Structure formats: structure tokens, C-alpha cells
Amino acid sequence: MQASAGRPVRSRMTGPQRRSQLIDVGRGLFAARGLDGTTIEEVAAAAGVSKPVIYEHFGSKEGLYTKVVESEFRILLDSINDSLAVEAKPRVLVERAALALLGYIEERTDGFRILMRDAPPSQPEGAFSTLLSHVTARVEHILSDEFSRRGFSSADGAMYAQMLVGMVAMTGQWWLDSRTPDKRAVAAHLVNLAWNGLTGLQKDPELRDEG
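Right, let's walk through the structure included here. Numbering of residues begins from 1 in every chain and follows the order in which that chain's sequence is written. Per-residue local features of the predicted model are confined to residues with pLDDT of at least 70, and side-chain atom pairs are confined, for both listing and counting, to 80 or more; whole-chain, interface and lining totals are unaffected and use all residues. The side-chain figures draw on all heavy atoms in the structure; neither hydrogens nor water molecules are used.

Regarding the packing of aromatic side chains
Thinking step 1. Note on aromatic pairs: the rings of Phe, Tyr and Trp (six-membered ring only in Trp) are paired at centre separations within 6.5 Å, and the planes decide the class, stacked below 30 degrees, edge-to-face beyond 60, tilted for the rest. Taken as a whole, this structure holds 5 aromatic pairs when the rule is applied.
Thinking step 2. Their ring planes at 90° and their centres at 5.4 Å tell us that F112 and F128 sit as a pair that is edge-to-face. Residue F112 is located in helix α6 (residues 109–115), and its partner F128 is located in helix α7 (residues 127–149); the two are separated by 16 residues in the primary sequence.
Thinking step 3. Taking relative accessible area as the criterion, F112 reaches 0% and is therefore assigned buried.
Thinking step 4. Classification of F128 by relative accessible area gives buried; the value is 7%.
Thinking step 5. An angle of 70° between the planes, with centres 5.2 Å apart, marks the rings of F147 and Y160 as edge-to-face. Helix and strand definitions follow DSSP, with helices as H or I runs of at least four residues and strands as E runs of at least two, each counted in order from the N terminus. Only protein chains enter the accessibility calculation, which uses a 1.4 Å probe. A residue is then buried if its area is under 20% of the maximum for its type, exposed if over 50%, and partly exposed in between.

Quick notes on the nonpolar core
Thinking step 1. Formed by 57 residues in total, the largest nonpolar core has its most connected members in I54, L131 and V139.
Thinking step 2. Top contributing element to this core by residue count: helix α5 (residues 90–107), with 10 residues. For this analysis, a nonpolar core means a set of buried residues of the types Ala, Val, Leu, Ile, Met, Phe, Trp, Tyr and Cys, connected via side-chain atoms within 4.5 Å.

Concerning helix α2 (residues 40–47)
Thinking step 1. Taken residue by residue, α2 has I40, V43, A44 and A47 as its buried positions. Projected onto a plane normal to the axis of α2, the buried residues spread over an arc of 95° and lie on a single side.
Thinking step 2. The inward-facing, buried residues of α2 contact α1 (15–37), α3 (51–58) and α4 (61–84).
Thinking step 3. Looking one or two places after α2, you find G48, whose phi comes out positive at around 75°. Here the arc refers to the directions that run from the helix axis out to each C-beta atom. Here, two residues are considered to be in contact whenever any of their heavy atoms come within 4.5 Å of each other.

Digging into the environment of E42
Thinking step 1. In this fold, E42 is placed in helix α2.
Thinking step 2. Classification of E42 as partly exposed rests on a relative accessible area of 27%.
Thinking step 3. Once the C-alpha coordinates of E42 and L29 are considered, the two residues, 13 residues apart in sequence, prove to be 8.2 Å apart.
Thinking step 4. Once you skip the residues sitting within four places of it in the chain, E42 turns out to touch L29, R33 and G37.
Thinking step 5. Counting of polar contacts relies on pairs of N or O atoms within 3.5 Å, with two restrictions inside protein: one atom must be capable of donating a hydrogen and the other of accepting it, and residues adjacent in sequence are counted only when both atoms are side-chain atoms. Engagement of the side chain of E42 in a polar contact is seen with the side chain of R33, the distance being 2.5 Å.

Focus: a nonpolar patch on the surface
Thinking step 1. Patches here: salt-bridge-free residues with over 30% relative accessible area, like charges joined within 9 Å, nonpolar side chains (Val, Leu, Ile, Met, Phe, Trp, Tyr) joined within 5 Å. With residues, only the protein chains shown are counted as cover, and all accessible areas are computed by Shrake-Rupley using a 1.4 Å probe. By definition here, a salt bridge exists when the distance from a side-chain nitrogen of Lys or Arg to a carboxyl oxygen of Asp or Glu is within 4 Å. Judged by side-chain polarity, M159, Y160 and M163 come together as a nonpolar surface patch covering roughly 300 Å² of accessible area.
Thinking step 2. Secondary-structure assignment places M163 in helix α8 (residues 157–178).
Thinking step 3. M163 sits in the partly exposed class, given a relative accessible area of 46%.

Thoughts on the pattern of salt bridges
Thinking step 1. Going through the model one piece at a time under the given rule, you end up with 12 salt bridges.
Thinking step 2. As a salt-bridge pair, E70 and K67 come within 3.6 Å of each other at their nearest N and O atoms. Taken together, the positions of E70 and K67, both in helix α4 and 3 residues apart, correspond to about one turn of that helix.
Thinking step 3. For E70, a relative accessible area of 34% translates into the label partly exposed.
Thinking step 4. One salt bridge in this structure joins E106 and K183, with 2.9 Å as the shortest N-O distance. Residue E106 is located in helix α5, and its partner K183 is located in helix α9 (residues 183–196); the two are separated by 77 residues in the primary sequence.
Thinking step 5. You can call E106 partly exposed: its relative accessible area is 38%.
Thinking step 6. One continuous salt-bridge network, built from bridges that share partners, spans D24, R27, E72 and R108.

This is the structure:
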């Protein structure tokens, strides 16, 4: 369909489409500049809308930021939960969880930068810290079972879960900018350290999953 001036008529976005577009635009700007460094005018200009449209959908810049964080939080948490939901040996589960985090960083770099940044009002303690707490609870259950099987104190699983998740998370933050070696190599070295300890490190570790 053509307008009278010969230009194509733009199809009007539905409400959900507009919200999704604004979240995508906001993600890119917030990742580059942070919450405080991004203005509502910049979001509106990048999206090709007026400021009232953003207020209509999200109430404020902070409201948009909260929705961006909530979306990325759910995507990453679901990915890690899915990696831990399959039947596998604890070592393979740790491999898959590490790969899930590194895969998210690789595919949704802007999202990870946002999760590491300003805390939204809904998660004053920080989105990434909240996510790690969820993951630690899952890992604690896995390690407690493994500890019990080996005759160790299952209560120590909580402490080791904190250590393990913290190690993976810090490595992920480093890999965000490094990107070398590739994610499978990084995951293999993470599990090498976690499973074998410094005194039992393998020279050329490999993952044991089938991916």
C-alpha cells in the first residue's frame, strides 16, 4: 500500500510489539551507558517514538529498565535451570551450567552487562546477586547428594556451592571482555579446577558431556 506522496504506509505496531521494541532499544542503550547515563529522550529517539509512548507503556525510564532486567534475568535463569534439570552426573551438570552461563554471555552480551550493573527497584540487592542465589540453591542440592554418596558431610554442600558458583560467575565476568579461549575450553578448565583441585589438574582438560 502506498501513501499519496509515493511513500509506503508504515503498519502500526500492536501494543505488545511496541513494548518488545522499546525493551530491545532500551537494552542496547542501558548496556552501553547504564541507567543514569541514558535519557528518556535517547530511548524515544532510537525507537522513533515520542516520550509519552514510553511513559504509556512503562511509566518511567526506571520502569523500562526494570522490564529489561526482568527479561534478561528470566532468560539466563531459565537457561541455567534447564541445564541442571537433566539426569546426569554432578560433574556433567556443572559443565552444562557453566556452558549455559558462557553461552548467554556470548549470545546476549548486552543483557549480561545490564545484569552486572545498576540494580532495579524490584531487586535492590542486584539482579546478578539474586540470580546467583537461585543457582547456588540448585547447586547446593546437587553437591549435598554427591557429598553424602562419598561419605562427606552433606551440610558442607552449601559452602562448596557458594565457592563453585562464585568461581563460575567471576570467570564469566572476565570472559565477557576476553572471549578467549572459546566457551567450551573455559568451561573445561573451570570444571578441571572444581573437580580435580590444584594438585590434581589435568594438562589438557576436556568436557565430558556430548555437546
